[in-house]
Amino acid sequence: MKVIALWDNYCEGGDAGHDVAADDIFAVPTVWMSDSCLLRERKPFYIPEFDDDFRIFPTLAVKIMRLGKNIPVRFAYRYRDELSVWFNVRACGLLRQFGSDGAPLASAVAFDNSLVSAPFFKIGGQDLSGLEIVAERNGEPAVSWRLESLKLGIDEAIHVLSRTNTLKTGDVILAGFTRDGIRISRGDEIRALLRRNAESEQEVFTEFKIK
């Protein structure tokens, strides 16, 4: 299993989705994460000591369901059937330092337990238009994430990634992150609310504590 995070695939401010070429393999940068980054569902996240500015960023996680390479966009739906809401925890002090130094980002965004996972749900033929995630801290809305704001849609992302890498059963694609995260402190409680489409009600999808 591998986890591929699309690093700059989200446009703030609404309807800006699908504005990059689906044939451009450099359309958005990626960060590869190992399975040691995974924090299992509902487990608390313990703030490490190596930074003093940790923030969490919600994203839609897409599970690959079959082996594929060079997958055309029109067939990409055959390779994904489950979605989830995950969070990436980032050491933002390190991230700022690495950005100014031109150093790789992985140590700041892909350390142990930096991916807070949650169960996947099957989508089948569901209409996903209007899918929205609202992340709360201590019961107050903090960040919202909308599917329509992705630069590369889910199927376009599968196509682009499969041009250079074989996608395997169980691989996970993190579709994109908002620019602003939620600064966390010990004692915080984080909750993700999910609206699966424009016709559905919000539901509590996952929650965990910061320690």
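Figured I'd write up the structure that's included with this text. None of these values were measured; they are calculated from a predicted model.

Considering the overall build of the chain
Logical step 1: The number of helices and strands found in the chain is three helices and 13 strands.
Logical step 2: Here the chain has a C-alpha radius of gyration of 16 Å; the compact-globule value for 211 residues is 17 Å, and the two agree.
Logical step 3: Projected onto the principal axes, the alpha-carbon positions of the chain cover approximately 45 × 45 × 30 Å.
Logical step 4: Counting across all 211 residues of the chain, residues that qualify as buried make up 50%.
Logical step 5: Within the chain, counting contacts between residues at least 6 apart in sequence, those at least 24 apart form 79% of the total.
Logical step 6: A total of about 10000 Å² of accessible surface is found on the chain, and carbon and sulfur atoms cover 45% of it.
Logical step 7: Charged side chains in the chain number 27 positive and 31 negative. The centres of these two groups are separated by 5 Å.

What about the packing of aromatic side chains?
Logical step 1: Within the structure shown, the criterion is met by eight aromatic pairs.
Logical step 2: Judged by centre distance (6.0 Å) and plane angle (75°), the rings of F54 and F111 are edge-to-face. Taken together, the positions of F54 in strand β4 (residues 54-64) and F111 in the loop between α2 (106-109) and β6 (115-116) put the pair 57 residues apart, joining distant regions of the chain.
Logical step 3: For F54, a relative accessible area of 2% puts it in the buried group.
Logical step 4: With centroids separated by 5.7 Å and ring planes inclined at 70°, the aromatic side chains of F121 and F205 adopt a geometry described as edge-to-face. With F121 in strand β7 (residues 121-122) and F205 in strand β13 (residues 203-209), this pair connects stretches of sequence that are 84 residues apart.
Logical step 5: One aromatic cluster is present, built from ring pairs that chain together F50, F54 and F111.
Logical step 6: Residue placement shows R90 over the ring face of F57; its charged tip is 3.9 Å from the ring centre.

Some words on the pattern of salt bridges
Logical step 1: Summed over all chains, the structure comprises 14 salt bridges.
Logical step 2: For E82, the salt bridge identified is with K63, shortest N-O distance 3.5 Å. You can see E82 sitting in strand β5 (residues 80-91) and its partner K63 sitting in strand β4, a full 19 residues away along the chain.
Logical step 3: E82 sits in the buried class, given a relative accessible area of 19%.
Logical step 4: D81 is the salt-bridge partner of K122, the closest N and O atoms lying 3.7 Å from each other. Pair noted here: K122 is in strand β7 and D81 is in strand β5, with a separation of 41 residues, a long-range link.
Logical step 5: On the accessibility criterion, K122 (53% relative accessible area) is exposed.
Logical step 6: If you follow the salt bridges from partner to partner, you end up with D53, R55, R96 and R183 in one network.

Observations concerning the side chain of N88
Logical step 1: Within the element layout of this structure, N88 appears in strand β5.
Logical step 2: Side-chain polar atoms of N88 contact the backbone oxygen of S114, separated by 3.2 Å.
Logical step 3: When residues no more than four places from it in sequence are discounted, the contact partners of N88 are W7, M33, R55, I56, F57, V109, S114, L115 and F177.

Remarks on the environment of I158
Logical step 1: Assignment of secondary structure puts I158 in helix α3 (residues 154-164).
Logical step 2: In this structure the C-alpha to C-alpha distance between I158 and V204, which are 46 residues apart in sequence, comes to 27 Å.
Logical step 3: Those residues in contact with I158, other than ones at most four positions away along the chain, are I64, I71, A76, R80, L167 and I173.

Conventions used here
- Residues numbered from 1 in each chain as written.
- Predicted model: local features only at pLDDT ≥ 70, side-chain atom pairs only at ≥ 80, totals over all residues.
- Heavy atoms only, no water.
- Helix = DSSP H or I, 4+ residues; strand = E, 2+ residues; numbered from the N terminus.
- Rg over C-alpha atoms; globule rule 2.2 N^0.38 Å.
- Buried < 20%, exposed > 50% of the residue type's maximum accessible area, 1.4 Å probe, protein only.
- Contact = heavy atoms within 4.5 Å.
- Areas by Shrake-Rupley, 256 points an atom, 1.4 Å probe, with all protein chains shown as cover.
- Lys, Arg positive; Asp, Glu negative; His and termini not counted.
- Charge placed at Lys NZ, Arg CZ, Asp CG, Glu CD.
- Phe/Tyr/Trp six-rings, centres within 6.5 Å; stacked < 30°, edge-to-face > 60°.
- Lys NZ or Arg CZ within 6 Å of the ring centre and 35° of its normal.
- Salt bridge = Lys/Arg side-chain N within 4 Å of Asp/Glu carboxyl O.
- Polar contact = N/O pair within 3.5 Å; in protein donor to acceptor, adjacent residues only side chain to side chain.

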